[in-house]
Amino acid sequence: GWGATGAEPPMEQRILLGPEASPPWSVAESTVETSSVRTRTGKPVWHWHITVDHFAGELKYPIGWPRANSALRDAAARDWSEWDYFQFWVYTDTTRDALPREPVGLTLYTPDKQNGYLRPLTELAKGQWVQVRIPVSQVPRHQDVRLMQFHISESQYRHGDKLDLYFDEIALARYAQPTLLEFAPEGDVTFADAKQLPLRFKLAGVKSGERVQVVCELRKGGTAVARTAVEAVRGPQRVTVDLSRVQPEAGEYEVVARAAGGAEAAARLRLVESPWK
């Protein structure tokens, strides 16, 4: 595992769909409106309402797919390549005792339905505000996102079920300072006579093409045993720390890294005696 010291680094965001704008939704078998009935911060939110009907849907598919679509018309809103996350808050209410296993689905057209990204929103919970945060790196062709769609499969629900979802802060987000994600050694246990210690991390919080210095250390009891510094760019990185000159003893260690202007990330490492020693 990996960890960062302190709280989550500061983030900045761009709201994609705010309730103050004219309604940007097109819907089928459902309705969308602004609402102050269920708010997270006191500000209006988007309310998507569905009454499940197993008989009155499309002619060939009466048990269908109620959905709400919103097209991203602004070119800047379509290009997500400089952002780290697509995220939003959802409050879910239903007449059911509990939600089905996959209550709602999200589809992103990148740039069309045939080349899209589909994700079930399994983290939704009845009677709770839940934040959904999706790494942009998981979305294919995220430089050209044309439309977002929320939908349900009525086959997952009973006829007459009611579902109300309240959406707040549908936005893109990114780290406001250099940040190391998924920082860890390639193995949490390695031999003490290893010549190199490989580390992996993902650098966020910098623009494409920019470089920042990242310092990586192997520490024992808070004291640096070995150290290396690299110039890193945004995205996945692999760095090796040279251990050939220090010959560390077996024991419990910590690997720590810091990007210039950012917070530390740390992970544990155990060095064990080599069978060939």
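A few points on the structure. (Residues numbered from 1 in each chain as written. Predicted model: local features only at pLDDT ≥ 70, side-chain atom pairs only at ≥ 80, totals over all residues. Heavy atoms only, no water.)

**Digging into the overall build of the chain**
Part 1 of the argument: Secondary structure summary: the chain contains 1 helix and 20 strands in total.
Part 2 of the argument: A compact globule built from 277 residues would reach a C-alpha radius of gyration of about 19 Å, whereas the chain, at 24 Å, exceeds it by more than 25%.
Part 3 of the argument: Looking at the chain as a whole, 44% of its 277 residues qualify as buried.
Part 4 of the argument: Of the contacts formed within the chain by residues at least 6 apart in sequence, a portion of 73% connects residues at least 24 apart.
Part 5 of the argument: Entry remark: accessible area of the chain is about 14,400 Å², with carbon and sulfur atoms responsible for 47%.
Part 6 of the argument: Placing the 34 positive and 35 negative side-chain charges of the chain at their respective mean positions leaves the two points 2 Å apart. (Helix = DSSP H or I, 4+ residues; strand = E, 2+ residues; numbered from the N terminus. Rg over C-alpha atoms; globule rule 2.2 N^0.38 Å. Buried < 20%, exposed > 50% of the residue type's maximum accessible area, 1.4 Å probe, protein only. Contact = heavy atoms within 4.5 Å. Areas by Shrake-Rupley, 256 points an atom, 1.4 Å probe, with all protein chains shown as cover. Lys, Arg positive; Asp, Glu negative; His and termini not counted. Charge placed at Lys NZ, Arg CZ, Asp CG, Glu CD.)

**Some details on unusual backbone geometry**
Part 1 of the argument: The peptide bond linking Thr110 to Pro111 adopts the cis configuration, its omega dihedral lying at 5°.
Part 2 of the argument: Residue placement: Pro111 occurs in the loop between strand S8 (105-109) and strand S9 (116-120).
Part 3 of the argument: Although it is not a glycine, Glu169 adopts a positive phi angle of roughly 50°.
Part 4 of the argument: Along the chain, Glu169 falls in strand S12 (residues 162-175).

**Some details on the environment of Leu124**
Part 1 of the argument: Considering the arrangement of structural elements, one finds Leu124 in the loop between S9 and strand S10 (129-135).
Part 2 of the argument: Placed 91 residues apart in sequence, Leu124 and Glu33 show a C-alpha to C-alpha distance of 20 Å.

**Notes on the sheet that holds strand S13 (residues 179-185)**
Two strands in a sheet stick together by hydrogen bonds in their backbones, pointing the same way (parallel) or opposite ways (antiparallel).
Part 1 of the argument: Spatial ordering of the open sheet is given by S13-S15-S18, a layout of 3 strands whose pairing is antiparallel. Two strands close off the open sheet at either side, each with one partner strand: S13 and strand S18 (235-242). Adjacent strand axes in the sheet meet at a mean angle of 25°, parallel and antiparallel pairs treated alike.
Part 2 of the argument: In this sheet, S18 lies alongside strand S15 (residues 196-204) in antiparallel orientation, the contact comprising 8 bridges. What sits directly across from Arg200, in S18, is Arg238. (Pairing = 2+ DSSP bridges. Axes fitted to C-alpha atoms, helices over the stretch in contact; angles between N-to-C directions.)

**Points about the pairing of strand S5 (residues 45-51)**
Consecutive side chains of a regular strand alternate in pointing toward one face of the sheet and then the other.
Part 1 of the argument: Burial within S5 is extensive, with 5 of its 7 residues counted as buried.
Part 2 of the argument: As paired elements, strand S4 (residues 31-35) and S5 share 5 bridges and run antiparallel to each other. Paired with Thr31 across the two strands is His49, which belongs to S5.
Part 3 of the argument: Across 6 bridges, S5 lies against S12 in antiparallel orientation. Pairing of Ile50 across the sheet is with Leu163, part of S12.

**Some remarks on the pattern of salt bridges**
Part 1 of the argument: Throughout the structure, instances matching the rule amount to 18 salt bridges.
Part 2 of the argument: A salt bridge links Asp74 to Arg14, with the shortest nitrogen-to-oxygen separation between them at 2.9 Å. Pair noted here: Asp74 is in the loop between strand S6 (67-71) and helix H1 (75-78) and Arg14 is in strand S2 (residues 11-17), with a separation of 60 residues, a long-range link.
Part 3 of the argument: The exposure class of Asp74 is partly exposed, given its relative accessible area of 40%. (Salt bridge = Lys/Arg side-chain N within 4 Å of Asp/Glu carboxyl O.)

Any link to function would need more than the numbers given here.
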